[in-house]
Amino acid sequence: MFDTSELTNITEQVVHDSLAEIIRENEIDFCQCRICLQDIIAYSLNRLPQKYVCNFVDKSFPGNNDVEFSNFLHKKSLDVLVQAISSVGKNQHHASTAA
């Protein structure tokens, strides 16, 4: 009914980028299997404000408010990701399926 193929969740991109940064810096030891990474991302996205854009101009040339929001979101996402890594590490879903 509605075409949402052009919608982009900026928060999701920021969380992915921030998690990649945490992994690159290698300062936190945590399970990086597919299941744990997805749980960490889901935990984080459920605790951060969402920001959707739907056209090329907004995606490629964000306005000043969007740049400020992105900077805020990057800092906030790092904090939330650290919480997510701790929480997921204590409650790993794959632990019960491992042989």
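Here the structure is a predicted model, which means the values were calculated and not measured. (Residues numbered from 1 in each chain as written. Predicted model: local features only at pLDDT ≥ 70, side-chain atom pairs only at ≥ 80, totals over all residues. Heavy atoms only, no water.)

Quick look at the overall build of the chain
- Each helix and strand in the chain was counted, giving 4 helices and 2 strands.
- Walking the chain from its N terminus toward its C terminus, one meets helices and strands in the order β-α-α-β-α-α.
- Split into buried and exposed, the 99 residues of the chain put 28% on the buried side.
- The contacts in the chain between residues at least 6 apart in sequence include a share of 82% that link residues at least 24 apart. (Helix = DSSP H or I, 4+ residues; strand = E, 2+ residues; numbered from the N terminus. Buried < 20%, exposed > 50% of the residue type's maximum accessible area, 1.4 Å probe, protein only. Contact = heavy atoms within 4.5 Å.)

Quick look at the nonpolar core
- If you look at the biggest cluster of nonpolar residues, it comprises 20 residues, and the most contacted ones within it are Val-15, Leu-19, Phe-30, Ile-40 and Leu-81.
- Among the secondary structure elements, those contributing two or more residues to this core are helix H1 (10–25), helix H2 (34–45) and helix H4 (64–90).
- Look past the residues within four positions of Phe-30 in its chain and what remains in contact with it is Leu-19, Ile-22, Ile-23, Leu-37, Ile-40 and Ile-85. (Core = buried A, V, L, I, M, F, W, Y, C linked by side-chain atoms within 4.5 Å.)

What to know about the packing of H1 against H2
- It is at 10 Å that the axes of H1 and H2 come closest, and there the two elements cross at 130°. With respect to H2, the element H1 is oriented oblique. Once H1 is placed against H2, the crossing between them reads as right-handed. Across the interface between the two elements, Thr-11, Glu-12, Val-15, His-16, Leu-19 and Ile-23 from H1 touch Leu-37, Ile-40, Ile-41, Ser-44 and Leu-45 from H2.
- Residue composition of the contact of H1 with H2, by class: 7 nonpolar, 3 polar and 1 charged. (Axes fitted to C-alpha atoms, helices over the stretch in contact; angles between N-to-C directions. Parallel < 35°, antiparallel > 145°, perpendicular 65-115°, else oblique. Left-handed = near helix turned anticlockwise from the far one by under 90°. Nonpolar A, V, L, I, M, F, W, Y, C, P; charged D, E, K, R; others polar.)

As for the packing of aromatic side chains
- By the definition in use, this model includes 0 aromatic pairs.
- For the cation-ring pair, Arg-47 lies above Tyr-43, with the distance from its terminal atom to the ring centre recorded as 3.5 Å. (Phe/Tyr/Trp six-rings, centres within 6.5 Å; stacked < 30°, edge-to-face > 60°. Lys NZ or Arg CZ within 6 Å of the ring centre and 35° of its normal.)

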